[in-house]
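Residue-level structural notes
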Amino acid sequence: MPDLSVKLFGHTLSNPIMPAAGPNCRDAAMLKRAAAGGAGALVMKTVSVNPAQVPFPNIIAAGRHSLLNAELWSEIPVERYLEHEYAAAKETGLMLIASLGYTATELAALGPRIEATGCVDALECSVHYLGQNLAPVVEAMSALRAVVSLPIMVKVSPAIADIAALVEALDEHVDGYAAINSLGPCLDFDPVTVHPKLGSEHGYGWLSGDAVLPLALRVVHQLALHTRKPILGVGGVSAGVDAVKMLMAGATAVQVCSAAIREGQGVYGRIAGEMDTWLADNSYAAVRDIIGLYARGNQPLTRELRRPELDRKLCSRCGICVKACIHNAVETDADNWPVHTTRCLGCGYCVSVCPKGALRQERCP
């Protein structure tokens, strides 16, 4: 079996899968279930100096595997975390990361109190509400760095476009990064009643789940190109192969939230198990062998036209590729085998939707 262990700030994790700060890790009871469900480390829900005034409802489905939420930070007073929740979660024996926010003043007030519990191994700082300007983010991280000795990670908002500038500004103040936070604000409403589906102002919420995975991979990859510090990949991970991609993009470990909301606290072990199977099937001896594999260098695909080729041993003749081709370039012969005609523009969409992997498109440098 492949070795799934990874190191993070001097701690050895049995596997790189952990919760992401959110409603799936509201208190110690939830984190104990996450530990029992196979998590390799734990993250507690974000706290701030005052409890959040959470609107209701605050989480809805957004498509099949994504969510919209208006959930904010924890509605539990921080004193309860300091007096009970962190210590109770640490009883699991797993590395424990506390999430806190948001401004420089708030972080400077909270950080020393959290560190003083002696139960927390690292701090993850959400700067979700500080906007796209880097100045308040740098101010917040600098203020926290001045008052704590614990490792600090900043959670990167997808609204920040220039990742290179972010790293240049923050690398001296932080020990690592988490990427990404949820995307938004976004909107959904009931067209019959014309009422919002979320209880927030205007019904706005933040998108998470499968829909944000490509964005998260891009941000993780860009971070890995500009820093050598640990990165926690978060956003849209719901299967072992998603975690593999995060690690290859440059993440040291992977966080999961939306899938845990949909599925429950056993999701961490399931994803770790699927990752284990993928590594074994692809002849990797350890998860550390794939960390940064994509970030270390990848070859661009050819710009020349390459029509997909069919493997008849795998093809079930389901016809999905025929229906999927917007150019009407895939037809069927007398025996119902798909055939790519000269109308094919080589876009590759049919390859990506083939359920059997029977279509392959030549890829060369």
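This text gives an overview of the structure that appears in the document. (Residues numbered from 1 in each chain as written. Predicted model: local features only at pLDDT ≥ 70, side-chain atom pairs only at ≥ 80, totals over all residues. Heavy atoms only, no water.)

1. A few points about a nonpolar patch on the surface
A contiguous nonpolar patch, built from Leu187, Phe189, Val194 and Tyr204 and spanning about 380 Å² of accessible area, is present on the exposed surface. Take valine 194: it is sitting in the loop between strand S12 (189–190) and strand S13 (195–196). (Patch = residues over 30% accessible without salt bridge, like charges linked within 9 Å, V, L, I, M, F, W, Y side chains within 5 Å. Areas by Shrake-Rupley, 256 points an atom, 1.4 Å probe, with all protein chains shown as cover. Salt bridge = Lys/Arg side-chain N within 4 Å of Asp/Glu carboxyl O. Helix = DSSP H or I, 4+ residues; strand = E, 2+ residues; numbered from the N terminus.)

2. Focus: the nonpolar core
Formed by 92 residues in total, the largest nonpolar core has its most connected members in Tyr86, Ile114, Met141 and Leu223. Those residues in contact with isoleucine 114 that lie beyond four places of it in its chain are Val47, Leu82, Tyr86, Ala98, Leu100, Val120 and Leu123. Listed in part, the eight residues of the second largest apolar core include Cys325, Val330, Cys344 and Val351. (Core = buried A, V, L, I, M, F, W, Y, C linked by side-chain atoms within 4.5 Å. Buried < 20%, exposed > 50% of the residue type's maximum accessible area, 1.4 Å probe, protein only. Contact = heavy atoms within 4.5 Å.)

3. Remarks on the pattern of salt bridges
Taken as a whole and assessed by the stated rule, the structure comprises 16 salt bridges. Here lysine 90 and aspartate 121 are joined by a salt bridge, their closest N and O atoms 2.5 Å apart. In this pair, lysine 90 sits in helix H2 (residues 78–90) while aspartate 121 sits in the loop between helix H3 (104–115) and strand S8 (122–126), placing the two residues 31 residues apart along the sequence. Judged by relative accessible area, aspartate 121 falls into the buried class, the value being 14%. Glutamate 331 serves as the salt-bridge partner of arginine 343, at 2.6 Å between the closest nitrogen and oxygen. Remark: glutamate 331 occurs in strand S18 (residues 330–332) and arginine 343 occurs in the loop between strand S19 (338–340) and helix H11 (349–353); sequence separation between them is twelve residues. Judged by its relative accessible area of 37%, glutamate 331 is partly exposed. If you follow the salt bridges from partner to partner, you end up with Arg26, Asp27, Lys45, Glu71 and Glu75 in one network.

4. Considerations on helix H6 (residues 213–226)
In a regular helix each residue adds 1.5 Å, so 14 residues correspond to 20 Å; H6 covers 20 Å between its end C-alpha atoms and thus fits that length. Of the positions making up H6, those classed as buried are Leu213, Ala216, Leu217, Val219, Val220, His221 and Leu223. Each element contacted by the buried residues of H6 is listed here: strand S9 (152–156), helix H5 (163–170), strand S10 (176–179), strand S14 (204–209), strand S15 (231–234) and helix H7 (240–249). (Expected span 1.5 Å × (residues − 1).)

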